[in-house]
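Report on the structure
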Amino acid sequence: MSDPLVIPCPHCNGLNRIPNERLGDAPKCGRCKQPVLLSKPFELKQGDYSSQIKGDLPLLVDVWAQWCGPCKSFAPVFEQAAGQLAGKCRLAKLDSEANQQLSTQLGIRSIPTLILFKNGREVARQSGAFALPQLMSWLRSQGV
């Protein structure tokens, strides 16, 4: 048996230790009993940020805004990627308008912007909307 992975709950921010071989078993949070791994993006907010970037599974954040046309056209692609990456990478959406302080802290200058976090640190950033094959290729090049 391998060392368990530490994965933050997207609902309550509780940290969960999940054995790698159990990732496909729809693990539930020990605190709130909600699913820990989602097949769709979850909403990231200012108060959740420091908890959500922790953990052993990478976190890909899509920074967007309601008024942004390219953001809206990219949303279905990001949703598809979340379904394909469940158990390998967690995907979250950050509304830059509703979370202006965090957007500023992250140095967001254009949207959509994708930020990849591993082990609590930003490891890659890319601005602009992608087609699904390009997004998956970019993630593979980042070791996801």
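Quick note: structure is the one above.
Okay, so let's go over this structure. Note that this is a predicted model, so its numbers are computed, not measured. (Residues numbered from 1 in each chain as written. Predicted model: local features only at pLDDT ≥ 70, side-chain atom pairs only at ≥ 80, totals over all residues. Heavy atoms only, no water.)

**Observations concerning the packing of aromatic side chains**
Tallying each qualifying case throughout the model produces three aromatic pairs. Note on Phe-74 and Phe-78: the rings are 5.8 Å apart at their centroids and 45° apart in plane angle, and the pair reads as tilted. Placement of both Phe-74 and Phe-78 in helix H2 (residues 69–85) is noted, with a separation of four residues, approximately one turn of the helix. Judged on exposure class, the residue Phe-74 and its partner Phe-78 are both buried. (Phe/Tyr/Trp six-rings, centres within 6.5 Å; stacked < 30°, edge-to-face > 60°. Helix = DSSP H or I, 4+ residues; strand = E, 2+ residues; numbered from the N terminus. Buried < 20%, exposed > 50% of the residue type's maximum accessible area, 1.4 Å probe, protein only.)

**Considerations on the pattern of salt bridges**
Inspection of the entire model under this criterion finds three salt bridges. Where Arg-22 meets Asp-25, a salt bridge forms, and the shortest distance between an N and an O atom there is 2.6 Å. Assessed through its relative accessible area of 43%, Asp-25 is described here as partly exposed. Salt-bridge contacts for Lys-93 lead to Asp-62; the nearest nitrogen and oxygen are separated by 2.6 Å. (Salt bridge = Lys/Arg side-chain N within 4 Å of Asp/Glu carboxyl O.)

**Focus on the side chain of Arg-90**
In this fold, Arg-90 is placed in strand S5 (residues 90–95). Despite its burial, Arg-90 pairs with no opposite charge, the nearest such side chain being Asp-48 at 9.8 Å. Among the polar contacts listed, one links the side chain of Arg-90 to the backbone oxygen of Gln-52, at a separation of 2.5 Å. Those residues within four positions of Arg-90 in sequence are excluded, and the remaining contacts are Ile-7, Pro-8, Phe-42, Gln-52, Lys-54, Leu-57, Pro-58, Leu-59 and Leu-60. (Lys, Arg positive; Asp, Glu negative; His and termini not counted. Polar contact = N/O pair within 3.5 Å; in protein donor to acceptor, adjacent residues only side chain to side chain. Contact = heavy atoms within 4.5 Å.)

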